[in-house]
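Observations on chain architecture
If you want the building blocks of each chain, they are given just below.
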Amino acid sequence: MSKIKWDESTFTKFAYLKDPRISRDGLKIAYVLTKADLKNNEYKHTIVVEEKGSRSFIENATMPRFSPTGRKMIFVRKHRDKDVNEIFLCDLNSMSERKILELKDVLDITWNKDDRRILITGIKKMEDEDLIFEDEVPVWFDDKGFFSKEKTIFLVVDVEGGVILDEFSAEKFSTAIWHGDRVIYNVPKKVDNVPQFFGLFDIYVYEKGKREKLFEDVSYTAVDSNGEVVLLYGKPRKEKDSEHDFHYLWDGRKVIPLTEHLVYNNGQGKLDEKGNVYFTMAKEGRISLYKLRRRELASISEDNSWVGEFDVSGDGKVVFTKETDIMPKELYVWDERLEQLTDYNKLVVDELDVKPYNNFKYKSLDLELDGWYIKPEIEEGQKAPVLVFVHGGPKGMYGYYFKYEFQLMANRGYYVVFVNPRGSNGYSEDFALRVLERTGLEDFQDILNGVEKFFELEPNADRERVGITGISYGGFMTNWALTQSKLFKAGISENGISYWLTSYAFSDIGLWFDREVIGDNPLENENYRKLSPIFYAKNVEAPLLLIHSLEDYRCPLDQSVMFYHVLKSLGKEAYIAIFKKGAHGHSLDGTPRHRAKRYKLFMEFFERKLKRYEEGFDVEGILKREDEWERS
């Protein structure tokens, strides 16, 4: 019998791959391999360097960056005792390493073409042990904490001498790339003293203490350069952040549209030395990878899968991560033909019962939508409970990627159902914008209609035992669903919204995001009450578990605490679990024990409410396995 089975700790058995890099000559590949260590409650990061079928390893390291010749590599190592990042230079022939410098926060590192200079993007803020001070909004940002006069700093460093040759700063959330020997950097604009972090930019070129403005009030940023042309990502000018992003080329004289005609939202983009463009695109539950050469579009990976990060060599060889509904991320290489490079997770998956997704189309109001479900093992003559998942966003997307909770719950005997309602990514821009100022209305009907279609397809699904859950927008929709429908007999709302007005005033992005999604004039707009679940709390009849992370500044803790207090004051069955650490993405970024406890709460709450019909929720008994993790 296999020792590997589905439970709250199974995620530690998988290998997680990220940040793939390929040398300019295409002969070397590097990536970060991460494993979760439940006993020591930490993640172990290893850089793997692959060349001619052999592998070299650099322990406790991230952010691999090949020099242009491929003989050297920069990487970052977190100091174990000090809150600082150490930047190392590695000789790839001898695999020996030398520390270049230390920096508290390192956001990115890129090499100049001369194989000697690097550009480091970092953060500088007012460091005071007693106070935080700010005169701009917002005062904090998710996964970053309080700003306290934060600026972006750019350092040009000579890696041979370990000397900082130049240093300049810009507004927070600025980004930069090399363009020949010059630096092009993107600076978020302010409108009425509110930063437009993701919507409006000025773009500058910098060299030896002098800067020149290239673009003003644009909605794209410079993301890559081959020294001759610059790749721009975004749009010339956005009216809404929820609009799609596309790619453009700037040749020094004019901006040339590349992908606007493709309809679907673009993701990451890169250039090779010949000016060919490589980019991802979200389409109907898939994220695919393409090459654009002189307006001719070629598919690199276009199947039922999600392509993640990728990198491109000088002559167009591509390395990328890809996952499917039944397999976590692995590494692939494309050089006019596709080859799978790694196979870390296959033997673990082979030991587990991993179930494929079943896609279905359905009509909802005026649209045809995508839905999926996973079918559990069901004994003859029996019915199985149903869990409805709602993605984040609203411009998130479900589709063909490996989601741990889906497999975990399907293997515990639940149908798992998930759909892409209007507002989701992966469809037309009009589709994405339809949810604005109507969040919880037609999009909620899309979810209900998808569940009804699912019931038509699966007569063994038990309509009397349906639960709902989601994170962020999915958490909001869980709160909303329990106030608007009697279909759901239990819910788990994670980091969700219950009152849009306080979200607007308290969230890191509320000053612009909430005004787009819910409506302008928050102090007067009736939508801020009309679309807030807290005002319908009296309608809730199903038990609700609210899970929130204390350091979530995107959907702050007040959202769950308020809803919990109101529900309890009305005599409703509600529980709240607050994780002391972790930002908005705590479900994936929390420590290993944090994640294991979350999965355990998740499993046991639905087990007790949809299968055993138990009263109460004995959390102390549920979490008793922590001692076993420490001994494992």
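Every chain begins its residue count from 1, and numbering advances along the sequence as written. Local features in this predicted model are restricted to residues of pLDDT 70 or higher, and side-chain atom pairs are both shown and tallied only at a pLDDT of 80 or more, whereas totals for entire chains, interfaces and linings draw on every residue. To obtain the side-chain values, all non-hydrogen atoms of the structure were included, while hydrogens and water were left out.

Identification of the chain as Dipeptidyl aminopeptidase/acylaminoacyl peptidase from Caldanaerobacter subterraneus is taken from an unreviewed UniProt entry.

**Looking at helix α11 (residues 592-611)**
Over its 20 residues, α11 runs 28 Å from end to end, which matches the ideal 28 Å to within 8%, given 1.5 Å per residue. Exposure classes here rest on a 1.4 Å probe applied to the protein chains alone. A residue is buried below 20% of its type maximum, exposed above 50%, and partly exposed in between. Numbered from the N terminus, helices here are DSSP runs of H or I no shorter than four residues, and strands are runs of E no shorter than two. In terms of burial, α11 is a largely internal element, 18 of the 20 residues being buried. The first or second residue beyond α11 is Tyr-613, which carries a positive phi of 55 degrees. Helix span, as expected, comes to 1.5 Å for every residue beyond the first.

**Remarks on the domain arrangement of the chain**
Under the domain assignment, the chain is made up of domain 1 (266-339) and domain 2 (360-625). Domain start and stop points were drawn from an automatic or database domain assignment. One C-alpha centre belongs to domain 1, the other to domain 2; they are set 31 Å apart. Two residues form a contact once any of their heavy atoms are found within 4.5 Å. Listed as interface residues are 15 residues of domain 1 and, on the opposing side, 14 residues of domain 2. Three residues stand out in domain 1 for area buried against domain 2, namely Glu-284, Trp-306 and Asp-325, and they jointly supply 46% of the buried area on that side. Salt bridge criterion: a side-chain nitrogen from Lys or Arg within 4 Å of a carboxyl oxygen from Asp or Glu. Across the domain 1-domain 2 interface, the total number found is zero salt bridges. Using a 1.4 Å probe, buried area is obtained as the accessible area two parts lose upon being combined, added over both of them.

**A word on the UniProt feature "domain: Peptidase S9 prolyl oligopeptidase catalytic" (unreviewed entry) in the chain**
UniProt feature "domain: Peptidase S9 prolyl oligopeptidase catalytic" (unreviewed entry): in the numbering of this structure it lies at residues 401-611. Strand forms 16% of residues 401-611 and helix 44%; the C-alpha atoms that close the span are 28 Å apart. UniProt positions are given in the numbering used here, feature names are shortened, and annotations may be inferred rather than shown by experiment.

**Some details on the nonpolar core**
Residues enter a nonpolar core if they are buried and are Ala, Val, Leu, Ile, Met, Phe, Trp, Tyr or Cys, with the set joined through side-chain atoms within 4.5 Å. Judged by nonpolar contacts, the single largest core of 98 residues is most densely connected at Val-386, Val-388, Met-409, Phe-418, Phe-454, Phe-488 and Phe-606. Looking at this core element by element, the count peaks at eight residues for α11. Both domain 1 (266-339) and domain 2 (360-625) contribute no fewer than three residues apiece to this core. Once residues lying within four places of it in the same chain are set aside, the contact partners of Val-386 are Tyr-415, Val-417, Phe-454, Phe-455, Ala-461, Asp-462, Arg-465, Val-466, Gly-467 and Leu-610.

**Describing the environment of Thr-12**
Along the chain, Thr-12 turns up in the segment before β1 (16-22). A C-alpha to C-alpha distance of 29 Å links Thr-12 and Leu-338, two positions 326 residues apart in sequence. With residues up to four places along the chain from it excluded, the contact list for Thr-12 reads Lys-35, Ala-36 and Leu-38. Of note is the side chain of Thr-12, whose polar atom sits 2.7 Å from the backbone oxygen of Ser-9. Nitrogen and oxygen atoms within 3.5 Å of one another constitute a polar contact, given that in protein one can donate a hydrogen and the other can accept it, and given that sequence-neighbouring residues count only through two side-chain atoms.

**Thoughts on the pattern of salt bridges**
Throughout the structure, instances matching the rule amount to 61 salt bridges. Its salt-bridge partner being Lys-189, residue Asp-202 comes within 3.3 Å of it at the nearest N-O pair. Of this pair, Asp-202 sits in strand β17 (residues 194-207) while Lys-189 sits in strand β16 (residues 182-191), and the two are 13 residues apart along the sequence. On the basis of relative accessibility, which here comes to 6%, the residue Asp-202 falls in the buried class. One salt bridge in this structure joins Glu-494 and Arg-598, with 2.7 Å as the shortest N-O distance. A residue pair is termed long-range when its members are at least 10 positions apart, and Glu-494 in strand β35 (residues 490-494) and Arg-598 in helix α11 qualify at 104 residues. Neither Glu-494 nor Arg-598 differs from the other in exposure class; each is buried. If you follow the salt bridges from partner to partner, you end up with Lys-600, Glu-604, Glu-607, Arg-608, Lys-611, Arg-612 and Glu-614 in one network.

**Observations concerning the sheet that holds strand β18 (residues 210-225)**
Strands are labelled as partners when DSSP assigns at least two bridges between them. The strand order across the open sheet built from seven strands is β15-β16-β17-β18-β19-β20-β21, with neighbouring strands paired in antiparallel fashion. Edge strands, defined here as strands with exactly one partner in the open sheet, are β15 (175-179) and β21 (255-257). On average, each strand axis in the sheet is tilted by 40 degrees relative to the strand beside it, whichever way the strands run. Examined bridge by bridge, strand β20 (residues 246-250) and β21 share three bridges and lie antiparallel to one another. Along β21, the bridge assignment pairs Trp-250 with Val-255. All axes here are fitted lines through C-alpha atoms, helices being fitted over the stretch that makes contact, and every angle between N-to-C directions spans 0 to 180 degrees.

**Here's the deal with helix α5 (residues 473-484)**
Look at α5: 16 Å from first C-alpha to last across twelve residues, which is about the 16 Å you get at 1.5 Å a residue. By the criterion of burial, α5 is predominantly enclosed, with eleven of the twelve residues buried.

**Examining a negative patch on the surface**
Together, Asp-25, Asp-315, Asp-335 and Glu-336 make up a negatively charged patch on the protein surface. You can see Glu-336 is positioned in the loop between β28 (327-334) and β29 (338-340). Given the relative accessible area of 60%, Glu-336 is considered exposed. A patch consists of residues whose relative accessible area exceeds 30% and which take part in no salt bridge; residues with like charges are grouped when within 9 Å of each other, and nonpolar side chains (Val, Leu, Ile, Met, Phe, Trp, Tyr) when within 5 Å. Only the protein chains shown count as cover for residues, and the accessible areas themselves come from Shrake-Rupley with a 1.4 Å probe. A positive count includes Lys and Arg, and a negative count includes Asp and Glu. His and the chain ends are not counted in either. Charged side chains are reduced to one point each, which is NZ for Lys, CZ for Arg, CG for Asp and CD for Glu.

**Describing empty space enclosed by the protein**
Cavity and pocket criteria rest on a 1 Å grid covering protein atoms alone: a 1.4 Å probe that fits but cannot get out defines a cavity, protein on both sides within 12 Å along at least 5 of 7 lines defines an open pocket, and an atom within 4 Å of a point defines a lining residue. Grid points are joined across faces, edges and corners, and a volume is the space filled by probe spheres set on the points. This model, assessed by the stated rule, comprises one cavity of 30 Å³ or more. The volume enclosed by the largest cavity comes to roughly 40 Å³. In terms of lining, the largest cavity is formed by Glu-136, Glu-171, Lys-172, Pro-188, Lys-189, Lys-190, Pro-195 and Phe-197. Elements with a minimum of two residues in the lining of the largest cavity: β16 and β17. The dominant element in the lining of the largest cavity, judged by the number of residues it contributes, is β16, at three residues.

**Here's the deal with the pairing of strand β32 (residues 384-390)**
Within β32, seven of the seven residues are buried, which leaves the element mostly enclosed by the surrounding structure. Summarising the sheet, β32 and strand β34 (residues 461-471) pair through six bridges and their orientation is parallel. Bridge assignment links Ala-384 to a residue of β34, and that residue is Ala-461. In this structure, β32 lies alongside strand β33 (residues 415-419), joined through four bridges in parallel fashion. Each bridged residue has a counterpart across the sheet, and for Val-388 the counterpart in β33 is Val-417. Crossovers are marked right-handed if the path from the first strand over the helix to the second runs clockwise, as seen with the strands pointing away from the viewer. With helix α2 (residues 404-410) bridging β32 and its parallel neighbour β33, the resulting β-α-β unit is right-handed.

**Topic: the sheet that holds β32**
Read across the open sheet, the eight strands follow the order β30-β31-β33-β32-β34-β35-β36-β37; overall the sheet is mixed. Every interior strand has two partners, whereas the edge strands, β30 (358-364) and β37 (574-579), have only one. On average, each strand axis in the sheet is tilted by 20 degrees relative to the strand beside it, whichever way the strands run. Relative to β34, α5 is tilted by about 140 degrees, and along the sheet it contacts β32, β34, β35 and β36 (544-549).

**Section: the environment of Arg-608**
Summarising the element assignment, Arg-608 is placed in helix α11. With 76 residues separating them in the primary sequence, Arg-608 and Ser-532 have C-alpha atoms 28 Å apart. Discounting chain neighbours no more than four positions away, the residues touching Arg-608 are Tyr-613, Glu-614, Phe-617 and Ile-622.

**Some thoughts on the packing of aromatic side chains**
The aromatic pairing rule takes the rings of Phe, Tyr and Trp, using the six-membered ring of Trp, and pairs them if the centres are within 6.5 Å, calling planes under 30 degrees apart stacked, those over 60 edge-to-face and the rest tilted. All told, the structure shown has 52 aromatic pairs when counted by the stated rule. Arranged with centres 6.0 Å apart and planes meeting at 80 degrees, the rings of Phe-11 and Tyr-404 form a pair that is edge-to-face. Note that Phe-11 is positioned in the segment before β1 and Tyr-404 in helix α2, a separation of 393 residues in sequence. Under the relative-accessibility criterion, Phe-11 is labelled buried at 0%. With a relative accessible area of 7%, Tyr-404 lands in the buried category. Ring geometry for Tyr-504 versus Tyr-528: centroids 6.3 Å apart, planes at 70 degrees, classification edge-to-face. Of the two residues, Tyr-504 is situated in helix α6 (residues 500-506) and Tyr-528 in helix α8 (residues 527-530); the sequence distance between them amounts to 24 residues.

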